[in-house]
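# Analysis of the macromolecular model
Chain residues, written in single-letter form:
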Amino acid sequence: METQEEIKRRRTFAIISHPDAGKTTLTEKLLLYGGAIQQAGAVKGKAAARHAVSDWMELEKQRGISVTSSVMQFDYRGYCINILDTPGHQDFSEDTYRTLMAADSAVMVIDAAKGIEPQTRKLFKICAMRHIPIFTFINKMDREALSSFELLEQLEKEFGIGTYPFNWPVGCGQNFHGVYDRQSRSLLIFNEFHHGQSRISAVEYSIEDKEALEEILSYGQYDNLLEETELLDGAGYEFDIDEVRSGRLSPVFFGSALNNFGVEQFLNRFIELTMPPLPRMSGETEIDPFSDGFSAFVFKIQANMNKAHRDRIAFFRICSGKFERDKEYYHVQQKKLIKLAQPQQLMAQDRSIIDEAYAGDIIGVFDPGIFSIGDTVCEKGMDVIYAGIPTFAPEHFASVERTDTMKRKQFEKGIMQIAQEGAIQIFHEPFSGIEEVIVGVVGVLQFEVLEYRLRTEYGVEIRRRDLPFECIRWIDSAPASPDRLNLTSDTKWVQDYKGNNLLLFTSSWCINWAVQKNEGLVLREFNQD
Ligand code: G4P
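Residues numbered from 1 in each chain as written. Predicted model: local features only at pLDDT ≥ 70, side-chain atom pairs only at ≥ 80, totals over all residues. Heavy atoms only, no water.

## A few points about the overall build of the protein chain
Per the secondary structure count, the protein chain includes 14 helices and 33 strands. With 529 residues in all, the protein chain has 55% of them scored as buried. Long-range contacts, defined here as pairs at least 24 residues apart, represent 72% of the contacts in the protein chain between residues at least 6 apart. Surface exposure of the protein chain reaches about 22,800 Å², of which carbon and sulfur atoms provide 47%. (Helix = DSSP H or I, 4+ residues; strand = E, 2+ residues; numbered from the N terminus. Buried < 20%, exposed > 50% of the residue type's maximum accessible area, 1.4 Å probe, protein only. Contact = heavy atoms within 4.5 Å. Areas by Shrake-Rupley, 256 points an atom, 1.4 Å probe, with all protein chains shown as cover.)

Shown next as structure tokens:
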């Protein structure tokens with residue numbers, strides 16, 4: 001197949017949700033339909049969402065299994081689908097943010113009984129920032145649910161987007177009988193509840209088939225459906241593919257991932273509506289994914305995926321052209337020609353070395369410690385540099401130092417490498433060395449992971465002192481040097497390891513104070529280096 005054809009059939013998306021809404025279950029079902037796995041339960045890593053630190057550590061030991069499920073590729077009806085899984089635990093939401101940078105669209109799973117939850121809100125913001133299409137799967141319709149109209153209203157009001165339901169549920173909980181497909185004007189009636197491994201058998205009825213439907217459905221459901229769909233047709237948003245593709249209109253699907261209800265219909269529509277790889281910006285220039293030259297950027301680095309080999313893998317999202325294994329490519333940040341060693345594609349538990357890959361694909365590459373998140377690699381002479389991945393403001397801070405004075409090198413190496421992976425962010429007080437480091441994380445569990453990894457991978461014990469700061473801001477511009485600003489006494493000036501100046505605050509009140517008392521001070525919540 002021609003390169004262009006290969007790229008055209010790529011669909012690369014991330015599945016996002018608040019923990020427990022059903023992301024893992026839906027992912028599994030999509031893989032089942034795609035024939036990529038034979039039975040539900042094959043996607044590991046779900047336990048990572050189950051909080052307890054001890055669980056996480058245990059899982060960490062089996063990391064080779066758990067994280068390889070983070071990218072899954074399969075063929076379905078002529079399309080080549082790349083699903084980017086995102087970590088379930090909210091403490092690892094930074095990883096999710098970065099993964100979203102590699103996706104061309106997102107599927108947002110919502111628990112029908114709960115509606116929008118905090119994590120959904122955060123993730124939505126990131127999608128909206130990139131204007132990527134967002135598809136909504138309203139899950140768990142087999143349980144008692146909020147009213148479908150109320151759910152749509154939540155999405156519209158909170159997120160400021162339009163919604164277009166492709167299907168409409170008939171009942172919920174015990175009375176969930178099926179879904180009405182608005183385009184074909186037919187009802188898919190599910191005739192059995194099963195937490196099935198395989199495709200569900202559903203019977204299709206035309207909406208006109210009043211007699212049969214009244215018999216099957218619960219009392220009043222048929223009339224109710226007619227009323228509701230009339231309301232939708234009359235008062236709902238019009239379907240407009242351009243609005244979908246610019247992220248302003250979200251196609252909505254109702255179903256139950258656990259029971260396979262509505263999953264296949266969702267997948268079929270989704271691949272038609274979503275887009276092949278989107279162009280990306282290199283400075284002011286838009287890089288066409290279909291152009292011949294290969295280019296890619298690093299969106300994730302994962303160390304020690306296989307303890308036996310102490311390896312580190314950099315994950316690249318290919319943005320244009322075709323990747324070939326034996327070719328040399330230009331590493332823009334290091335200004336060097338390199339070969340991407342041991343390029344591999346990951347599928348559930350398996351890794352396989354690949355010879356070629358195309359725009360839209362994700363490849364894992366052996367990283368001898370040369371890559372950082374956001375780095376660009378491209379065909380020689382192509383002159384591309386993709387915008388870095390934003391660093392989000394951590395919310396918890398601690399000062400960290402090693403307990404053994406002999407282990408300085410290991411400590412520095414460990415903490416730098418873990419920071420390069422993006423698992424933590426590190427700061428220091430200006431004019432001080434790396435003896436004592438201020439570590440910022442989005443979720444406190446990351447502190448424990450840091451301690452664990454420094455001990456097991458680098459042989460360093462640390463002492464950690466939690467700091468009272470809650471907010472951090474990058475200084476965009478300031479009327480004076482940071483030490484001369486008028487700040488509350490509990491505000492601290494720090495630098496990141498690239499030398500950027502930041503301020504640590506104990507409350508948002510102190511941020512307001514700083515901005516009010518220092519005319520010309522501009523602060524930013526995330527960094528785009
Ligand atoms: P997550 O990845 O978003 O965190 O959610 P996950 O798929 O792990 O699902 C969370 C829980 O919700 C699981 O139950 C799962 O079985 C259940 N679930 C997912 N989809 C549906 C659905 O359509 N209907 C119903 N009723 N439940 C659903 P669990 O008891 O926590 O785990 P498990 O013991 O079933 O594995």
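What follows picks up the thread again.
## Observations concerning the packing of helix α2 (residues 23-33) against helix α11 (residues 263-273)
In the contact formed by α2 and α11, the axes pass within 10 Å of each other and the chain directions differ by 75°. One way to sum up the angle between α2 and α11 is to call them roughly perpendicular. Mapping the contact onto sequence places Leu26, Lys29, Leu30 and Tyr33 in α2 and Val263, Glu264, Phe266 and Leu267 in α11. Each residue belonging to the contact of α2 with α11 can be placed in one class, and the counts come to 6 nonpolar, no polar and 2 charged. (Axes fitted to C-alpha atoms, helices over the stretch in contact; angles between N-to-C directions. Parallel < 35°, antiparallel > 145°, perpendicular 65-115°, else oblique. Nonpolar A, V, L, I, M, F, W, Y, C, P; charged D, E, K, R; others polar.)

## Comments concerning the sheet that holds strand β27 (residues 437-441)
The antiparallel open sheet is built from 8 strands, whose spatial order is β28-β25-β27-β26-β30-β31-β29-β32. Edge strands, defined here as strands with exactly one partner in the open sheet, are β28 (462-467) and β32 (522-524). Sheet twist, expressed as the average angle between the axes of neighbouring strands with direction ignored, equals 40°. Of the strands in this sheet, β25 (396-402), β27 and β28 touch helix α13 (residues 445-458), which is tilted by about 165° from β28. (Pairing = 2+ DSSP bridges.)

## So, the site of the ligand
Lining the immediate environment of the ligand, one finds 18 residues, of which Asp20, Thr24, Thr25, Asp142 and Ser256 sit closest. Contact between the ligand and Asp142: a nitrogen atom at 2.7 Å from a side-chain N or O atom of the residue. Take Ala257: an N or O atom from its main chain is 3.2 Å from an oxygen atom of the ligand. In isolation the ligand exposes 710 Å². Once the protein is present, 74% of that is buried. Per-element accounting of the shell around the ligand gives the leading share, 3 residues, to α2. Grouping the constituent residues of the shell around the ligand by class yields 4 nonpolar, 7 polar and 7 charged. (Near = heavy atom within 4 Å. Polar contact = N/O pair within 3.5 Å; in protein donor to acceptor, adjacent residues only side chain to side chain.)

## Considerations on the pairing of strand β5 (residues 134-139)
Each regular strand carries side chains that alternate between the two faces of the sheet. With respect to burial, β5 is a largely interior element, 6 of its 6 residues being buried. By the alternation rule, side chains of β5 split into Ile134, Thr136 and Ile138 and Phe135, Phe137 and Asn139, which are all buried. Note that strand β4 (residues 105-111) and β5 share 6 bridges and pair parallel. Across the sheet, residue Val109 finds its bridge partner in β5, namely Phe137. A crossover links β4 with its parallel partner β5, the connecting element being helix α6 (residues 118-130), and its sense is right-handed. Relative to strand β11 (residues 249-254), β5 is paired through 3 bridges, and the arrangement is parallel. If you follow Ile138 over to β11, its bridge partner there is Phe254. (Right-handed = clockwise from strand over helix to strand, strands pointing away.)

## Focus on the environment of Phe137
By the secondary structure assignment, Phe137 is in strand β5. Overall, the relative accessible area of 0% leaves Phe137 in the buried class.

## Some remarks on the packing of aromatic side chains
Evaluated as defined, the whole model comprises 22 aromatic pairs. A ring pair is formed by Phe124 and Phe159, whose centres lie 3.8 Å apart and whose planes are at 5°; its orientation type is stacked. With Phe124 in helix α6 and Phe159 in helix α7 (residues 148-159), this residue pair connects regions lying 35 residues apart in the sequence. An aromatic cluster is defined as three or more aromatic residues linked by ring pairs; in this entry it consists of Phe13, Phe135, Phe137, Tyr164, Phe166, Phe239, Phe253, Phe266 and Phe270. The cationic tip of Arg182 hangs over the ring face of Tyr164; the distance from NZ or CZ to the ring centre is 4.6 Å. Here Lys300 stacks its cationic end above the ring of Phe315, 5.8 Å away from the centre of that ring. (Phe/Tyr/Trp six-rings, centres within 6.5 Å; stacked < 30°, edge-to-face > 60°. Lys NZ or Arg CZ within 6 Å of the ring centre and 35° of its normal.)

## A closer look at the side chain of Arg98
Structurally, Arg98 can be placed in helix α5 (residues 93-101). The residues touching Arg98, leaving out its near neighbours within four places in the chain, are Phe299, Ile373, Ile389, Glu421, Gly422 and Ala423.

## Notes on the sheet that holds strand β7 (residues 167-170)
Taken together, the 4 strands give an open sheet; going across it, the order is β7-β8-β9-β10, and neighbouring strands pair in antiparallel fashion. Where the open sheet ends on each side, the last strands, each with one partner, are β7 and β10 (202-206). Recorded for the sheet is a direction-independent mean angle of 25° between the axes of neighbouring strands. Two elements, β7 and strand β8 (residues 178-181), share 4 bridges in a ladder whose sense is antiparallel. Each bridged residue has a counterpart across the sheet, and for Trp168 the counterpart in β8 is Tyr180. Most of the contacts of helix α9 (residues 221-235) go to β7, to which it runs at about 155°, and overall it touches β7, β8 and β9 (186-190).

## Details of the environment of Phe427
Here Phe427 lies in strand β26 (residues 425-428). Once residues lying within four places of it in the same chain are set aside, the contact partners of Phe427 are Pro394, Phe397, Val437, Ile438, Gly440, Ile472, Val494, Gln495, Asp496 and Leu502.

## Section: the nonpolar core
One finds Phe316, Phe323, Leu340 and Phe371 to be the most contacted residues of the largest nonpolar core, which totals 82 residues. Element by element, the count of residues in this core is highest for strand β15 (residues 312-320), at 6 residues. Both domain 1 (2-273) and domain 2 (280-378) contribute no fewer than three residues apiece to this core. Leaving out residues up to four positions away in the same chain, Phe323 has contacts with Phe294, Ile318, Tyr329, Leu340, Pro343, Ile354, Asp355, Glu356, Ala357 and Ile363. With 28 residues, the next largest nonpolar core counts Tyr33, Val244, Phe253 and Phe270 among its residues. (Core = buried A, V, L, I, M, F, W, Y, C linked by side-chain atoms within 4.5 Å. Domains from an automatic or database assignment.)

Don't take any of this as a statement about function, it's just geometry.
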